[in-house]
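Structural description and commentary
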Amino acid sequence: MGYKVAVVGATGAVGREMLQTLAEREFPVDEAVALASAKSKGREVSFGDETVLTVMDLDKYDFKGVDIALFSAGGSISAKYAPRAAKAGAVVIDNTSHFRMEKDVPLVVPEVNPQAIAGYTKRNIIANPNCSTIQMVVALKPLHDIARIKRVVVSTYQSVSGAGQSAMDELFNQTRSIYMNQPVVKEEFTKQIAFNVIPHIDVFMDDGSTKEEWKMRVETRKILDPDIEISATCVRVPVFIGHGEAIHVEFAKPITVQEARAALRKAPGIAVVDHQQDEGYVTPAEAAGEDSVYVSRLRQDPSVKHGISFWCVADNLRKGAALNSVQIAETLIASYLSKAA
Ligand code: A2P
């Protein structure tokens, strides 16, 4: 016996990836429901190679009978509709930032804090962390376990797909305009993104950081350890899919590069590709379409007493969003919602 699963935002970059991931991983789906805005009603989206779903209008949809609802249609949509779905009995797995920092909503990366899922019963909502946070905490967890992390300094190189389908279109259109000597049109981004980098993701906070940087800090502390200090700089780069991160970690205890590499190699969800020579590292273009969090360029950080630096890449639509949500759903059904006969 399987589950009735709804995907909210099914026409978007992450929503389509959610349907793809559910099908690829053979999640036990009895019935899949694709939901989006009224303007997409009647559109068709693929669910695996053989099934096509007709998109329904979220606003008119009754969630009664839905077991799991994966939301990725933006924070304001989750704010309004996730509680409705939860009240109707569905367990919501929300990919937006709306509920992440609420105390009674678990924020989960299955490789790091699967036990937190148990708290879903309070609101019937589980939050999926920010894409940049997910790949970083997957890599930090095995290192924290052996040498206790004190402080992390991270700079991100984030692809445009993190801002949705229209942002991907903007990079494409601006690139074409520049080659055709036409004016560059900005809509999603505050500055030209083609052939440029933008040190600004999400809104500015009072202290001068951006909300994306704040999210990396508070989410990492909620998931991994509230005592870790984090300084983040988040940058958008003209890459379609795949986020890169340069991560510098300061530890409480001594740790060698060899120990770090061995711990990362053993940890779930991580692939260490670190040949320290031409092409011996992973870039976003190679990570796109893959499930792993890739770690490369491991080295001692000589600027602190116990420090390791490395480069970390993952597909932000998969591990950074859809895959993590589906893994949460898998853990949920295995441990809490079992329909096994
Ligand atoms: P739609 O295509 O109907 O606008 P992305 O992050 O790639 O931009 O995707 C956003 C997703 O959120 C899309 O599936 C989009 O559907 C959906 N969405 C946006 N606004 C609404 C809304 N008011 N109600 C339901 N879904 C929405």
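Here is what the cut-offs are and how they apply
- Residues numbered from 1 in each chain as written.
- Predicted model: local features only at pLDDT ≥ 70, side-chain atom pairs only at ≥ 80, totals over all residues.
- Heavy atoms only, no water.
- Pairing = 2+ DSSP bridges.
- Helix = DSSP H or I, 4+ residues; strand = E, 2+ residues; numbered from the N terminus.
- Axes fitted to C-alpha atoms, helices over the stretch in contact; angles between N-to-C directions.
- Core = buried A, V, L, I, M, F, W, Y, C linked by side-chain atoms within 4.5 Å.
- Buried < 20%, exposed > 50% of the residue type's maximum accessible area, 1.4 Å probe, protein only.
- Domains from an automatic or database assignment.
- Contact = heavy atoms within 4.5 Å.
- Near = heavy atom within 4 Å.
- Polar contact = N/O pair within 3.5 Å; in protein donor to acceptor, adjacent residues only side chain to side chain.
- Parallel < 35°, antiparallel > 145°, perpendicular 65-115°, else oblique.
- Nonpolar A, V, L, I, M, F, W, Y, C, P; charged D, E, K, R; others polar.
- Expected span 1.5 Å × (residues − 1).
- Bend = angle between axes of the 7 residues up to and from the residue.
- Salt bridge = Lys/Arg side-chain N within 4 Å of Asp/Glu carboxyl O.

1. Remarks on the sheet that holds strand 11 (residues 243-251)
Taken together, the 6 strands give an open sheet; going across it, the order is 10-9-11-14-13-12, and neighbouring strands pair in mixed fashion. Pairing within the sheet leaves two strands with one partner each, and these edge strands are strand 10 (229-236) and strand 12 (270-272). The sheet shows a mean angle of 20° between the axes of neighbouring strands, direction not considered. Where strand 9 (residues 149-158) and strand 11 come together, 8 bridges link them in antiparallel fashion.

2. Overview of the nonpolar core
Phe63, Phe71, Leu140, Val152, Ile247, Leu298 and Phe310 are the most contacted members of the largest nonpolar core, which totals 59 residues. The element that contributes the greatest number of residues to this core is helix 3 (residues 131-147), accounting for 8 residues. Viewed by domain, this core spans two of them, domain 1 (3-128 + 321-335) and domain 2 (132-316), each represented by three or more residues. Once residues lying within four places of it in the same chain are set aside, the contact partners of Leu298 are Val257, Ala260, Arg261, Leu264, Val272, Asp274, Gln276, Ile308, Ser309 and Phe310. Counting 41 residues, the second largest nonpolar core, distinct from the first, contains Val91, Val108, Phe189 and Leu332.

3. Re the site of the ligand
The ligand sits among 15 residues. The nearest are Thr11, Ala13, Ser37, Lys39 and Ser40. Here Gly9 contributes a backbone N or O atom positioned 3.1 Å from an oxygen atom of the ligand. Within the side chain of Ser40, one N or O atom sits 2.4 Å away from an oxygen atom of the ligand.

4. Section: the pairing of strand 3 (residues 44-47)
Burial along strand 3 is one-sided: Val45 and Phe47 are buried, and none of Glu44 and Ser46, which face the opposite way, are. Of the pairings in the sheet, the one linking strand 3 to strand 4 (residues 51-54) comprises 4 bridges and is antiparallel in character. Among the inter-strand pairings, Val45 is bridged to a residue of strand 4, identified as Leu53. Linkage of strand 3 to strand 4, two consecutive antiparallel strands, is achieved through a turn of 3 residues, within which Gly48 is found at a positive phi near 75°.

5. Looking at the sheet that holds strand 5 (residues 56-57)
Pairing is parallel across the open sheet formed by 6 strands, whose spatial order is 5-2-1-6-7-8. Of all strands in the sheet, those bounded by a partner on one side alone are strand 5 and strand 8 (125-127). With 3 bridges connecting them, strand 7 (residues 91-94) and strand 8 associate as parallel partners. The partner of Val92 across the bridge, within strand 8, is Ile125. Along the sheet face, helix 2 (residues 75-87) touches strand 1 (3-8), strand 6 (68-71), strand 7 and strand 8 and points at about 175° away from the line of strand 6. Its contacts with the sheet put helix 8 (residues 318-335) on strand 1, strand 6, strand 7 and strand 8, and the angle it makes with strand 6 is roughly 165°.

6. Quick notes on the environment of Cys131
Considering the arrangement of structural elements, one finds Cys131 in helix 3. A relative accessible area of 12% places Cys131 in the buried class. Put simply, Cys131 and Arg265 are 134 residues apart on the chain and 22 Å apart in space, counted from C-alpha to C-alpha. Not counting the four nearest positions on each side in its chain, Cys131 is found in contact with Gln158, Glu212, His243, Asn316 and Gly320.

7. Describing the environment of Ala287
One can find Ala287 in helix 7 (residues 284-287). Linking Ala287 and Ala32, residues 255 residues apart in sequence, is a C-alpha distance of 28 Å.

8. Some thoughts on the pairing of strand 11
The buried fraction of strand 11 is high, at 8 of 9 residues. Judged from the 8 bridges that link them, strand 11 and strand 14 (residues 307-314) form a sheet pairing that is antiparallel. When the bridges of strand 14 are listed, His248 appears paired with Ser309.

9. What to know about the packing of helix 3 against helix 8
Two measures define how a pair of helices packs: the angle their axes make with one another and the distance between the axes. Running from N to C, helix 3 and helix 8 cross one another at 85°; their axes reach a closest spacing of 8 Å. It follows that helix 3 is roughly perpendicular to helix 8 by the angle criterion. Facing helix 3, whose interface residues are Cys131, Ile134 and Val138, helix 8 presents Lys319, Gly320, Ala321 and Asn324. Here the residues of the contact of helix 3 with helix 8 sort into 4 nonpolar, 2 polar and 1 charged.

10. Some remarks on helix 3
With 17 residues, helix 3 extends 25 Å from end C-alpha to end C-alpha; this agrees with the ideal 24 Å at 1.5 Å per step. At Leu140, helix 3 shows its strongest bend, of approximately 35°, with the proline Pro142 following within four residues. Capping the start of helix 3 is the job of one residue whose side-chain oxygen sits 3.0 Å from the backbone nitrogen of Ser132: Asn130. Immediately downstream of helix 3, the backbone of Arg148 shows phi near 50°, a positive value.

11. What about the pattern of salt bridges?
Evaluated as defined, the whole model comprises 18 salt bridges. Here Arg123 and Asp104 are joined by a salt bridge, their closest N and O atoms 2.9 Å apart. Of this pair, Arg123 sits in the loop between strand 7 and strand 8 while Asp104 sits in the loop between strand 7 and strand 8, placing them 19 residues apart in sequence. For Arg123, a relative accessible area of 28% translates into the label partly exposed. On the basis of relative accessibility, which here comes to 29%, the residue Asp104 falls in the partly exposed class. Residues Lys141 and Asp145 are paired through a salt bridge, measuring 3.3 Å at the closest nitrogen-oxygen approach. One end of the pair, Lys141, and the other, Asp145, are both in helix 3, 4 residues apart, so they sit about a helical turn from each other. Three or more residues are tied together by salt bridges with common partners; here these are Glu17, Glu24, Arg25, Asp291, Arg318 and Glu330.

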